[in-house]
Amino acid sequence: MTDARTCRKHNKSYQSLWLSAGVKANPSRLIPTWNSGASMADVRQILPTPRDHGGDSLQEETGIRQYIVSNENRWSRATLEFRDLSQDAWCELAFQICWHPEEKSRTAHDFAVIGIDFLTEDGSSIDFANVPGLTRAQIDPQSCHIAGPDYYDPSSDLTHSARVHCTFLLPSPTKHISVNVRSWRNSHPFTILDPKLLQVVQPTGDDVQVDSARPVPSPTPNDPRRSWIRLKTEPTWLTYGVVPAKTLFVRGQLINQSGSAEGALARVVFRNRSGEIVASQDDLPTSPIVGAYIDIPVNRQTRRFTLELSPPDQAETVDLGFQVWRDEALISLVTPLETSLDDDLLLESIVGEEILDSSAVAGEIFRRLRAAPSSRAMIEDTDTIDRLIDHRTLAAAPTIQDKLQAVQQGQSRAFVGSQLTLGSFPAWSLPSALDWTEDPYQSPAWRMEYQSLSWLLDLIGHQGASGVNKAVDLAASWSHENPSGRPKDPLSAYPASAATRTEVLLRLLAATTAHKNKPIGKLRMLVAEVIQHGFALAEILSQNIFVHSMLQVRVACALLSASTGLSNFPLSLYWKSVALAQLRNGFDHLLGPNGSSNEQSQHYRLELISIGMILAQHLKDYHEAEDLRQLLADRLKDSLKSVVAATNPAGMLAPFGDSPSTLHHASWLRRLISGYGRHLLSDQALAEELAYPLGPRLHASDHAGLITIRNYMQKPDWSHLCASINEQKHDNGHHDCTSFVYSARGVKWITDPGGSGSMEAGPVRQYLLSSRAHNVAIPNSREQTAGLGWLEVTRSLDNAHAVRIGTNVHGPCYRHSRIFVCMDDMNAVAILDHFRSSQTSNSFEAHLHIEDNIAVALAKSNLAIAFHKRDRLRIVPHSFAGQFTGFKVQNGSPGRAGSMQGYLSNGTGGLKPANVLSYGFNGASDICGGVILAITEESLRSLMNVIASQQVQDLLV
């Protein structure tokens, strides 16, 4: 109660602005709309419906609805219900948050959490694998973070409150949502005031007006339902490996959109090693038409199900054929499915309270798989080890991470003598005795690479038998110091590190078995560690924790390697089936058709393409992976073409999204294509991109999420502009939609701060994610949220190009376009922003992040100049609607987490100061203005003439 009174005391001044009066049982109304010329669409405002609040602390005063969330635990929450929502439309959840004046977690980016459950019309939950704008969670189905007090405008310190905005897509068949605002890091209770949901009204019937100049974008280029399989009477078959005498659990969800009470069925076919059908031991119903099956009734609009499959003797795989009884049934299967084995084969069950080394863990696993007199007897038995180890099989295991590193970095070595060089960090002398808590650079990135043991492979490749022995000794040291479930460094358990380490252990195992005198003790340790890592990776994957991410693909590759390298291990077929299912799902979403991608970072797109090309070469002997090979063959060519088209003449990709430093992308591409993609060169379109023709070129692609304009000359005076219109998916991605980089006459003038999630943490990370860290425009101090950009118009002009981009990243109450106008020689470009809002007065501020070797000066009120040696870049404001409010230069401006400015990523986890030129405009409901960047006075005059043409003027309305 104290916190609520404090909020009321400090918030009387803003309640009149933010709080709605008269909350009704049917809480939907339209925000007053603004109309002039091309009018904005109406915005529907939906208020939460009354509900049985249970333990929620709800207080209502006249015209005020507020919820108090305590700081007791993560189950302390306020629950809101929003009903009768428009489908396949972006929406915005907004509310006022009021925190305690003595709140301690002011700098936490995850101060509190918004959890969202998507519901059908009858109230059934929908298991979306991904929802643009949100992150898959475990307590709530989807979630996003609420930042702490220091991330808001400093004026919020007076009222101890701020406005929170969360945007996300509402995919069909969602009709309602349940929202939990949940306690997380907060040290004191906080209050939620005036929650509401905003959606653009969807035109229907006679209200639909076609505006060819401004096409309506698709809801999202990466449909959340893309992994759904529409079931028919012809079954969709999925295959899983089974373990003798152990139950296989398969979990999933069916979506029934027909409204009828029809169900589906899963046909069950067990097979032995030769592929012959083995009769099931279960009392499953059978039919002369479908054979053994499990009926799955669907009485509501969604149905979660669990199949319990007990494999008969001799069975090694099970085929599950999902189908419906009638083709007219509108039932879909949500994939990927979740799988698990008996509880006694879960790591948390195997690893007890006592500290267990890897050999003891493996021994316990063997005991549970097959009764033995001692928990260590089986793993210590050399015959058992020999049955698990086959040199040819190990040598053929498709280790992917080391090959990826080779195409990324070439012949560079990490470990020379006693000097260890990881990433962009300086060389470090390896101590004679390691305790595996080393952190010489206070860097999460360095620690993850160190704990992955990837650098041990240098010893194998360059020091012969002595190097192998030394590498295995270091691996044994790591194993001894990191017993199961108790890592010395928690980052060693991070999935990317664990995946790489699994493949390193396999490579060490293969190298050790090549020796005539096999060291049994070392083999035992390596086998045990691979088994233990395989269990962990399988559980990560089968629970769909990192679905539709690079981690999903990396972990699945490592599990595939482990299943192949230890093909005689009883769980190997199960591991392989899980890995292949996750790889199909991951590549299908991360590499879409026509060069599209669900990955925001250009760098990680190239990494994903590289993994796909390396993997495709290894899958030739996997008959069960033919569909995955075909998927990769269909997608890789277009994806590779899009990446090549996006590189600048220096051979680098624009650092949008996460971008680790020090790698040269053109060299990476050359090594990748020469090693794994020569067959792709027969594609004429790809060959043309690789030829990199001279002269001016515009490449604009909604699929690739990029606009690239360049003027290439075979000398240093090349010019290049690249802008991002990628979908912004969730709250740990960069908010850089419409951000751009610009080079002219070989000088990089406008840059992106870069950075990578594997490098930074805390306020540094949150600054680099924020839209103010990118070259974007921000209306009314409201930074970007989730959403996307799309191409509205591209025009070829006299010696120039013009491109207009539409976005929805500022929420439904703003209509935004960014216009680029570029001369063919790229000596002058214009960046113009057009905002419309229903508010009577508006403003926006935009940023230009300058390379750190370039000086900036304000010559006069309407002219800024950037200097690089003898080159000059003139920066001139240009207004069409509204008033220019001036320039501002910041360099390394410190401050609270939400107001830092003037920094670039230093590539090793910190920031380096650099100049940022900010400019602003204000006006009424309609504002349009920006800046012209020009190398010479002549190019400035030429561009001004182009902007004055009717073709460009039409783009600005």
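Residues numbered from 1 in each chain as written. Predicted model: local features only at pLDDT ≥ 70, side-chain atom pairs only at ≥ 80, totals over all residues. Heavy atoms only, no water.

This part takes up the overall build of the protein chain. Tallying secondary structure elements over the protein chain gives 22 helices and 44 strands in all. Taking 957 residues into account, the globule formula puts the C-alpha radius of gyration at 30 Å, and the protein chain, at 29 Å, falls close to it. Along the longest, intermediate and shortest principal axes, the C-alpha atoms of the protein chain span 85 × 70 × 55 Å. Looking at the protein chain residue by residue over its 957 residues, the buried ones come to 60%. Partitioning the intrachain contacts of the protein chain with sequence separation of at least 6 by distance along the chain shows that 75% fall at a separation of at least 24. Approximately 36900 Å² of the protein chain is accessible, and the part contributed by carbon and sulfur atoms is 49%. Each charge class in the protein chain was averaged separately, 87 positive and 99 negative side chains, and the resulting centres sit 4 Å apart. (Helix = DSSP H or I, 4+ residues; strand = E, 2+ residues; numbered from the N terminus. Rg over C-alpha atoms; globule rule 2.2 N^0.38 Å. Buried < 20%, exposed > 50% of the residue type's maximum accessible area, 1.4 Å probe, protein only. Contact = heavy atoms within 4.5 Å. Areas by Shrake-Rupley, 256 points an atom, 1.4 Å probe, with all protein chains shown as cover. Lys, Arg positive; Asp, Glu negative; His and termini not counted. Charge placed at Lys NZ, Arg CZ, Asp CG, Glu CD.)

Let us now look at the pattern of salt bridges. Counted under the stated rule, the structure contains 40 salt bridges. The partner of E364 in a salt bridge is R367, with the nearest N and O atoms 2.5 Å apart. Remark: R367 and E364 occur in helix α4 (residues 358-369); sequence separation between them is three residues, near one turn of the helix. You can call E364 buried: its relative accessible area is 12%. Of the charged contacts, one joins R554 and E607 as a salt bridge, the two residues approaching to 3.1 Å between their closest N and O atoms. You can see R554 sitting in helix α14 (residues 550-565) and its partner E607 sitting in helix α16 (residues 602-618), a full 53 residues away along the chain. (Salt bridge = Lys/Arg side-chain N within 4 Å of Asp/Glu carboxyl O.)

Here we come to the sheet that holds strand β7 (residues 112-119). Taken in spatial order, the five strands of this open sheet run β5-β11-β7-β9-β8, and their pairing is antiparallel. In this open sheet, the two strands that pair with only one neighbour each are β5 (77-82) and β8 (135-136). Here β5 runs beside strand β11 (residues 176-183); their pairing, made up of six bridges, is antiparallel. For F82, the partnering residue across the bridge sits in β11 and is I177. (Pairing = 2+ DSSP bridges.)

Further remarks concern helix α20 (residues 762-769). For α20, the full list of buried residues reads R765, Q766, Y767, L768 and L769. Buried-residue contacts for α20 involve β36 (842-849), β41 (903-905) and β42 (911-913).

The strands making up a sheet associate through hydrogen bonds between their backbones, and the pairing can be parallel or antiparallel. Strand order in this open sheet of five strands is β26-β27-β28-β29-β30, and the pairing throughout is antiparallel. Each edge of the open sheet carries a strand with a single partner, namely β26 (695-701) and β30 (747-750). On average, each strand axis in the sheet is tilted by 10 degrees relative to the strand beside it, whichever way the strands run. As paired elements, β26 and strand β27 (residues 706-712) share seven bridges and run antiparallel to each other. Of the residues in β27, the one forming a bridge with R697 is R710. Sheet strands in contact with helix α17 (residues 626-646) are β26, β27 and β28 (719-724), and its direction is about 50 degrees off that of β27. (Axes fitted to C-alpha atoms, helices over the stretch in contact; angles between N-to-C directions.)

Where helix α11 (residues 464-481) meets helix α13 (residues 520-542), the closest approach of the two axes is 10 Å, and the angle between their N-to-C directions is 55 degrees. By the angle class used here, α11 and α13 are oblique. As for how α11 packs across α13, the hand of that crossing is left-handed. Along the contact surface, α11 presents N469, V472, D473, A475, A476, W478 and S479, while α13 presents K522, M525, L526, E529 and H533. The residue inventory of the contact of α11 with α13, partitioned by class, reads six nonpolar, three polar and three charged. (Parallel < 35°, antiparallel > 145°, perpendicular 65-115°, else oblique. Left-handed = near helix turned anticlockwise from the far one by under 90°. Nonpolar A, V, L, I, M, F, W, Y, C, P; charged D, E, K, R; others polar.)

Function cannot be read off these values alone, since they describe shape.
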